[in-house]
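A closer look at the structure
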Amino acid sequence: MIYPIIFETIKGNRYIYDNNTGCVIPANNYVDKLDDNNILYDENVLEKIKEDYPSLPLFEVTSLEEEQNKIIENSKEYLNENGIKEISLIVTEQCNFRCKYCIYSEEYSYSRNHSKKMMDWATAKKAIDYYFQFNKRSLPYNPTLTPCVGFYGGEALLNWELVKKVTDYVETMYRNDFNTVLYTITTNGSLLDKEKIEFMINHNFFINISLDGNKKNHDRNRVFESGNPTYETVVKKIELLDKLCKDYKGTKNPIFNFLMTYDNECDMEEIHKSACENEEFYEHFLKISKVSDIDTTYYNNQKSGIHVQTQIKKLIEDFVKQKEKRSKISELLFKQDVVLPAFNKQMTLNPLYGTCIPGNKIAVTVDGGFYMCEKIDYRAPIGNVEEGIDYKRQSEYLEEFIQARKDKCQKCNISSLCYQCFATCGGNTEKFSVNEKACRALRKTISEKFALYYSAREIGIDIL
């Protein structure tokens, strides 16, 4: 039997989350109060609940081995039938910023450092041809397949001529084969100009700009190679981007978003206040991520993370209780920290424990190596532009990852909510292993996240 987590909403209603079925069951009739660890261990109560819900296999330990073996055996066929979701071209390892938390720095022991390397046209063309020809073969199985070409760095705009050449090549050679082709670019924004912006608008790019909230927080970490602050430079470019997007008369609205990163020194309450004062600007924030803590010395000289986590918790609670003015920042924190962990969209077992099948997405290095995504270290290649995907490695990585998770996760009462993937389970090791720190953090807070999520539902907050 797996002992489920139990939680209580602001209104005092109690619920149980069952990992095996993904069901959340009202528990007011079964439990009068919660214990300190928010896990229901009373087997008599659990048996009573099972009797009341005879059609549900509640609280059971289910072996995923058969399903996992099928996934490993059929991983090649999965890609052939579904296609490759996205290709990210790492068009350069150069960058004109020296962000203090950058994963491509000496702070991270397992990643590459900045270099002067640039992807050339021959490498980019081989990658694009492989990707689109692969996906063309998948169309009979997946006729709505929508290819996505991403540009990444370093600072991707430093290799702007290649970005343009790739885009024009795709439009000429492959655009008519698919209903839609998407383009994305991740940039620090400092090199944006009218010519680049208009090109990206006309080709329906999704433009993702790294911007760490307000000026104080952004300039603390995001600096030029010279060490000078970057916020004002980037915001001026964003103002130009915003103007050109508003002037655009095409059939689609151009989209640009901001990606924010924070650490233990971040004042999230200050950023929330800035968002309340400048709502239109902050509406472009799409994602808030914490600086990676995997195999890094970055946090060695920082204070404990308790302060910023306390701020985040208060902003989320105020968002749910509608105590303070809401902002895009508090909304994003609520969605990312509460809705995504607590809302089990699958409502099914999670045989891959939160990860994807290698090759579902491909990141291509400047030298033409294939990796599972742009976030993973260079320890685990899955092919190259000359030979394509290495299916032997693909299945070996899956088997290694599943084996690493099997012993620790099979009896976990929140494994179906798990978000760990190859990127978070890598690092400076020879094999993939469970990220124990991330695991402890989720287990420690999941009841609280469920409580906030269902508190919001009970008062009718639009949570999606």
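Reference entry: report on the structure contained in this document. In this text the structure is predicted, and so the values were computed from the model without any measurement.

**So, the layout of surface pockets**
Taken as a whole, the second largest pocket spans an internal volume of roughly 270 Å³. Elements that contribute at least two residues to the lining of the second largest pocket include exactly β6 (182-187), α6 (194-202) and β7 (205-210). The element contributing the most residues to the lining of the second largest pocket is α6, with three residues. Here the residues of the lining of the second largest pocket sort into nine nonpolar, six polar and three charged.

**Side note on helix α9 (residues 268-277)**
Within α9, the full set of buried residues consists of Met268, Ile271, His272, Ser274, Ala275 and Cys276. Against α7 (215-221), β8 (255-262), α10 (279-282), α11 (306-321) and α12 (328-342) lie the buried residues of α9. Among the residues of α9, the N-terminal cap falls to Asp267, whose side-chain oxygen and the backbone nitrogen of Glu269 are separated by 3.2 Å.

**Points about the side chain of Thr261**
Within the secondary structure, Thr261 is located in strand β8. Given a relative accessible area of 19%, Thr261 falls into the buried group. Residue contacts for Thr261: discarding those within four places in its chain leaves Tyr101, Asp212, Asn217, Ser289, Lys290 and Val291.

**Quick word on the nonpolar core**
Membership of the largest hydrophobic core comes to 122 residues, with the highest contact counts inside it found for Leu89, Ile128, Phe151, Met268 and Ile329. Excluding its chain neighbours within four sequence positions, the residues that come into contact with Phe151 are Leu89, Val91, Ala156, Val163, Val166, Thr167, Tyr183, Thr184, Ile185, Thr186 and Phe205. Grouped together as the second largest cluster of nonpolar side chains are 12 residues, Ile16, Tyr30, Val45 and Leu58 included.

**Focus: the sheet that holds strand β3 (residues 24-26)**
The sheet built from three strands is open, its strands ordered β1-β2-β3 with antiparallel pairing. With one partner strand each, in any of the chains shown, β1 (5-8) and β3 form the two edges of the open sheet. Pairs of neighbouring strands in the sheet enclose a mean axial angle of 30 degrees, with direction left out of account. One ladder, built from four bridges, connects β1 with strand β2 (residues 14-17); its direction is antiparallel. Across the sheet, residue Ile5 finds its bridge partner in β2, namely Tyr17.

**Digging into the packing of α11 against helix α14 (residues 436-458)**
Between α11 and α14, the shortest axis-to-axis distance is 9 Å and the interhelical angle comes to 25 degrees. By the angle class used here, α11 and α14 are roughly parallel. Pair α11 / α14 crosses with left-handed handedness. Packed against α11, whose contacting residues are Lys313, Ile316, Glu317 and Val320, the element α14 presents Glu448, Leu452, Ser455 and Ala456 at the interface. When its residues are assigned to classes, the contact of α11 with α14 shows four nonpolar, one polar and three charged.

**Some points on the packing of α12 against α14**
One way to put it is that α12 packs onto α14 with a least axis distance of 8 Å and a crossing angle of 95 degrees. Comparing the axis directions of α12 and α14 gives the class roughly perpendicular. Taking contact as the criterion, the partners of Phe334, Asp337, Val338, Val339, Pro341 and Ala342 in α12 are, on α14, Leu442, Ile446, Lys449, Phe450, Leu452, Tyr453 and Ala456. Here the contact of α12 with α14 is composed, by residue class, of 11 nonpolar, no polar and two charged.

**Observations regarding a negative patch on the surface**
Together, Asp42, Glu43, Glu47 and Glu51 make up a region of like negative charge exposed at the surface. Inspection of the secondary structure puts Glu43 in helix α1 (residues 43-52).

**Comments concerning the sheet that holds strand β12 (residues 383-384)**
Taken in spatial order, the 10 strands line up as β9-β8-β7-β6-β5-β4-β10-β11-β12-β13 in an open sheet, and their pairing is mixed. Unpaired on one side and paired on the other, β9 (285-290) and β13 (388-389) mark the two borders of the sheet. As paired elements, strand β4 (residues 86-90) and strand β5 (residues 148-152) share four bridges and run parallel to each other. In the strand pairing of β5, Leu89 is matched with Phe151. Lying over the sheet, helix α8 (residues 231-247) contacts β7 and β8, oriented at roughly 155 degrees with respect to β8.

**Here's the deal with the environment of Glu8**
Of note, Glu8 is situated in strand β1. Residue class for Glu8 comes out partly exposed when judged on its relative accessible area of 36%. Expressed as a C-alpha distance, the spacing of Glu8 and Leu452, which sit 444 residues apart in the sequence, is 8.8 Å. Look past the residues within four positions of Glu8 in its chain and what remains in contact with it is Asn13, Arg14, Leu34 and Ala451. Reaching out from Glu8, the side chain makes a polar contact with the side chain of Arg14 at a distance of 3.4 Å.

The rules behind the values
Residues numbered from 1 in each chain as written. Predicted model: local features only at pLDDT ≥ 70, side-chain atom pairs only at ≥ 80, totals over all residues. Heavy atoms only, no water. 1 Å grid on protein atoms, 1.4 Å probe; cavity = no way out; pocket = protein on both sides within 12 Å on 5 of 7 lines; lining within 4 Å. Points joined across faces, edges and corners; volume = space filled by probe spheres on them. Helix = DSSP H or I, 4+ residues; strand = E, 2+ residues; numbered from the N terminus. Nonpolar A, V, L, I, M, F, W, Y, C, P; charged D, E, K, R; others polar. Buried < 20%, exposed > 50% of the residue type's maximum accessible area, 1.4 Å probe, protein only. Contact = heavy atoms within 4.5 Å. Polar contact = N/O pair within 3.5 Å; in protein donor to acceptor, adjacent residues only side chain to side chain. Core = buried A, V, L, I, M, F, W, Y, C linked by side-chain atoms within 4.5 Å. Pairing = 2+ DSSP bridges. Axes fitted to C-alpha atoms, helices over the stretch in contact; angles between N-to-C directions. Parallel < 35°, antiparallel > 145°, perpendicular 65-115°, else oblique. Left-handed = near helix turned anticlockwise from the far one by under 90°. Patch = residues over 30% accessible without salt bridge, like charges linked within 9 Å, V, L, I, M, F, W, Y side chains within 5 Å. Areas by Shrake-Rupley, 256 points an atom, 1.4 Å probe, with all protein chains shown as cover. Salt bridge = Lys/Arg side-chain N within 4 Å of Asp/Glu carboxyl O. Lys, Arg positive; Asp, Glu negative; His and termini not counted. Charge placed at Lys NZ, Arg CZ, Asp CG, Glu CD.

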